[in-house]
Structure formats: structure tokens, C-alpha cells
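Close look at the chain arrangement
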Amino acid sequence: MPDRAFPPETTEGWFAFHQVLTWNRPALRAMSADSRTAMRSSAERTLTELATPAAGGWTAVVPLIGSRGDVMLVHFR
């Protein structure tokens, strides 16, 4: 089983949520260019919607360097 990436522990309280994600690079390379483009467009639309939720707050996308994860989403509500 692969190692799991864990988000950092914070003292912000209940309103901060961290998600650490990793990419399956071999699977992405095996996809056609059109499929990757469609997946990227869908992800950008979803992240744009997350960044401005109707209930308030914000979401940030943070690339990770030197970590087991590839990207971290930070949600504040």
C-alpha cells in the first residue's frame, strides 16, 4: 500500500480544512491528450466554484514541494 499524505495539523480551529492530494502520474500519462484536457477543464471549473462558496469563505490551491503530496487544498469557512 502506498504511503498516504497527511495534511499539516493547525491551530486555526474547526473552520480550516486541509486536503492533501497526489496525482497518479502513470495513469495520467496513459490518458489521451483530449482526456487530460477535459479533466483539467473540469478540475478548473470545480476549483473556481470552491474558491467562492455561496455560504462564504474561500479555498486556496497550494502546490507542494518536497512532500509526499502534490497539491494541498485549504478551505476556510
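These remarks concern the structure in this document. (Residues numbered from 1 in each chain as written. Predicted model: local features only at pLDDT ≥ 70, side-chain atom pairs only at ≥ 80, totals over all residues. Heavy atoms only, no water.)

1. Some points on the overall build of the protein chain
Cut-off, in case you're wondering: Strands here are runs of E lasting at least two residues and helices are runs of H or I lasting at least four, both read from the DSSP assignment and numbered beginning at the N terminus. Exposed residues in this analysis have more than 50% of their type's maximum accessible area, buried residues have under 20%, and partly exposed residues fall in between, with area computed by a 1.4 Å probe over protein chains only. We call two residues in contact whenever any of their non-hydrogen atoms come within 4.5 Å of each other. Surface accessibility in these figures is a Shrake-Rupley result with a 1.4 Å probe; residues are shielded only by whichever protein chains are displayed.
A count of helices and strands for the protein chain gives 2 helices and 3 strands. If you list the helices and strands of the protein chain from N to C, you get β-α-α-β-β. Here the protein chain holds 77 residues, and 17% of them are scored as buried. Considering only residue pairs separated by 6 or more positions, the protein chain has 49% of its internal contacts joining residues 24 or more positions apart. Counting every atom, the protein chain has about 6200 Å² of accessible surface; 58% of that belongs to carbon and sulfur.

2. A closer look at the pattern of salt bridges
To keep it simple, the criterion reads: Note on definitions: salt bridges are taken to be side-chain nitrogens of Lys or Arg within 4 Å of carboxyl oxygens of Asp or Glu.
Going through the model one piece at a time under the given rule, you end up with 2 salt bridges. Between E44 and R40 there is a salt bridge whose closest N-O contact spans 3.1 Å. Taken together, the residues span about one helical turn, with E44 and R40 both in helix 2 (residues 33-51) at a distance of 4 residues.

3. Some words on the packing of aromatic side chains
Put simply, the test is: For Phe, Tyr and Trp, where Trp contributes only its six-membered ring, two rings pair if their centres lie within 6.5 Å, and the inter-plane angle classes them as stacked under 30 degrees, edge-to-face over 60, or tilted in between.
Tallying each qualifying case throughout the model produces 1 aromatic pair. Centroid distance W58 to F76: 4.7 Å. Interplanar angle 35 degrees. Geometry classified as tilted. In this pair, W58 is assigned in strand 2 (residues 58-63) and F76 in strand 3 (residues 71-76), connecting sequence segments 18 residues apart.

4. Details of the layout of surface pockets
Our working definition: Note on definitions: the grid is 1 Å and covers protein atoms alone; a cavity is a set of points where a 1.4 Å probe fits but cannot get out; a pocket is an open set with protein on both sides within 12 Å along at least five of seven lines; lining residues have an atom within 4 Å of a point. Grid points are joined across faces, edges and corners, and a volume is the space filled by probe spheres set on the points. Side-chain classes are defined by residue name, with Ala, Val, Leu, Ile, Met, Phe, Trp, Tyr, Cys and Pro counting as nonpolar, Asp, Glu, Lys and Arg as charged, and the others, Gly among them, as polar.
Considering only enclosed or pocket space, the largest pocket measures out at about 450 Å³ in volume. Taken together, 16 residues make up the lining of the largest pocket; nearest its centre are W23, L28, M39, R40 and A43. Taken together, the elements giving at least two residues each to the lining of the largest pocket come down to helix 1 (25-30), helix 2 and strand 3. It is helix 2 that provides the largest number of residues to the lining of the largest pocket, a total of 8 residues. Looking at the lining of the largest pocket residue by residue, the class counts come to 9 nonpolar, 2 polar and 5 charged.

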